[in-house]
Amino acid sequence: MKERRKRKGIVSWSALFWSTLLLLVSSIFFTTLFFYPFNDAQPPLLFRWETPPTTSHATITIRETVVLPDQVLIFLNYPPSFRFHTKHDLLCLYFSADSTSRLTQPPIQLHIARLHEQIVRCALPPRGNTVSIFIKSDGVLPTKDSSTHHWTPLVYEALFDRDNTTIVFVKGLNLRPERLIEPSRFQCIYGWDFTKPKFFLKSEVISGAQEIIRCRTPKSILMGQAQAQAHAHSIKVTIQTRDTEIFPSIARPGLCARHNTPKKKAYEICICTMLRNQARFLKEWVMYHAKIGVQRWFVYDNNSDDDIENVISFLQRVGYNISQHLWPWVKTQEAGFAHCALRARSSCKWVAFIDVDEFFHIKMKGGLSDVIWQHAKPGQNVGEIRTLCYSFGPSGRREVPREGVAMGYTCRLSGSERHKSIVRPEALNQSLINVVHHFHLSAPFVAVDSDKSKIVINHYKYQVWKVFKQKFYRRVATYVADWKEKQNVGSRDRAPGLGTKPVEPADWANRFCEVKDFGLRNWVFRHFLDHRTHLLPWQPEFDHHIRKRRRRKDKIMIQPFL
């Protein structure tokens, strides 16, 4: 009996361990509640772990739909264990509430967006119809739990920046170009459902201009950034105006690459570009710029449907460091370039922002790095080098030159038109203001104009009518109207004297020809022409001849053994 009483007064090591563990878990739980001012019915912000579905059968769901002017984006959310569907597995399904008839159509294209998310691009539905996805193996995906947004207004993208701010990309602010806003006009809101104010987490706006709002990231979210890459996609961010209007949002912030920028960047020179249906020109443009020193390419794809994925795959296979990024947002080139500058900042010392029909033409000895060194020597705080553009015309041609644009177009206007820039990403102003051609810089960085005797840009702007008509059908730039609309008729992005009618002028082939310019043509001829086949490496026939030559060489090597 005495022994039993003694034993009751002693706490076992096992009991002590479990009591301590329980106390620790309880402390973490209550601390989390203190930092996250959310209702206990909701999980803490940024710690919303993916849980297995409660049903016995995990399903793909439609997260949300965005209706653009010429197509629909449908965001699919996949369970963790599911493989992504291919274009052949899905159909776009159109139906109306008061009709049993249904229409189906193959999707325009599919894109992997982020972890467990895929974007399906569908044609616009007929008036009064709803669009959904039909999976050939499983049936129709329900739309009742998803939200549909029209393109404007919309918060469409967001990033957590390394200075503890959130960069929010917004369509529908209608702000003037290159003008900063008064930050107090807006505030940022974080949460899951913006119809329930008690679950909001608000923060102040630091700067805003054009389509970009930068706000201070709340401390409770910063605490979770160690796990943000896995969980940030479950949290949305939006903006609220002074008159309490809350913008609809599909933006789930992702992380900018690397919190700490390395002292030595992986690449000296990179290029950012935005394009739409320019795949047939991409090989020449990448191969040429690699020859003059570009090491990395960021291609922002603005809803192409011309097999660009296969062209980029080919370039990757043969050794070019090029990546494709879907940027489906209409007329957002400035915002896209700001987004690309943030992506490139951790790995690129200098980033050029040019189009696929623009080629740096170096007139001095050396490559692009030598030109940069000439204009931005150490200690001069040069953050941007601006290069003049010279616009080339059809040069008497009526068909697309098979040898490429640099060899095919040799006649241009005598005067320069605008400029394009090579930028140090660290030098950009916090607002990220740019007008495609140049950025606003932060102190003490300055911009310099390049010496046109050392470098210019050949802009193959006015090509044969077939190409010109496709290019200007729907431009990606923010402030330029569709060329057939009677808006901004005097814009320098329009063809002089063309007006708004989509009819080829009788003298189109000979327009814009004031100066014969063979400089870049001769350089390309010397450095790229295969003297055995008389072909250039971007011509389709070149690959065929190379494969044929390799097979013949392999056959010769095998013959002695036979």
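Here we summarise the structure given alongside this text. Just so it is clear, the model here is predicted, and its values are computed rather than measured.

Reading guide: rules and limits
Residues numbered from 1 in each chain as written. Predicted model: local features only at pLDDT ≥ 70, side-chain atom pairs only at ≥ 80, totals over all residues. Heavy atoms only, no water. Buried < 20%, exposed > 50% of the residue type's maximum accessible area, 1.4 Å probe, protein only. Helix = DSSP H or I, 4+ residues; strand = E, 2+ residues; numbered from the N terminus. Contact = heavy atoms within 4.5 Å. Pairing = 2+ DSSP bridges. Axes fitted to C-alpha atoms, helices over the stretch in contact; angles between N-to-C directions.

## Describing helix 5 (residues 279-291)
Then comes step 1: In terms of residue burial, helix 5 counts as a mostly covered element, since ten of its 13 residues are buried.
Then comes step 2: Among all positions of helix 5, only Ala-279, Phe-281, Leu-282, Lys-283, Glu-284, Trp-285, Val-286, Met-287, Tyr-288 and His-289 are buried.
Then comes step 3: Within two residues after helix 5, Gly-293 carries a phi angle of roughly 120°, on the positive side.

## Quick look at the environment of Ser-431
Then comes step 1: Along the polypeptide, Ser-431 turns up in the loop between strand 24 (419-423) and strand 25 (446-449).
Then comes step 2: Given the relative accessible area of 4%, Ser-431 is considered buried.
Then comes step 3: A C-alpha to C-alpha distance of 9.7 Å links Ser-431 and Glu-178, two positions 253 residues apart in sequence.
Then comes step 4: Those residues in contact with Ser-431, other than ones at most four positions away along the chain, are Leu-180, Ser-207, Ala-209 and Ile-212.

## Quick notes on the sheet that holds strand 1 (residues 61-67)
Across a sheet, strands are paired by hydrogen bonds formed along the backbone, either parallel or antiparallel in direction.
Then comes step 1: With respect to topology, five strands assemble into an open sheet ordered 5-6-2-1-9, the strand pairing being mixed. Two strands close off the open sheet at either side, each with one partner strand: strand 5 (109-114) and strand 9 (147-150). Geometrically, the sheet is characterised by an average inter-axis angle of 25° between neighbouring strands, direction not taken into account.
Then comes step 2: Pairing between strand 2 (residues 71-77) and strand 6 (residues 117-123): seven bridges, direction antiparallel. Considered in strand 6, the bridge of Gln-71 is made with Ala-123.

## What about the pairing of strand 13 (residues 201-209)?
Then comes step 1: Direction of pairing for strand 12 (residues 186-191) relative to strand 13: antiparallel, over a ladder of four bridges. Looking at strand 13, one finds that Gln-187 is bridged to Glu-204.
Then comes step 2: Direction of pairing for strand 13 relative to strand 14 (residues 212-216): antiparallel, over a ladder of four bridges. Across the sheet, residue Gly-208 finds its bridge partner in strand 14, namely Ile-213.
Then comes step 3: Between the end of strand 13 and the start of strand 14, which pair antiparallel, lie two residues, with Gln-210 showing a positive phi angle near 55°.

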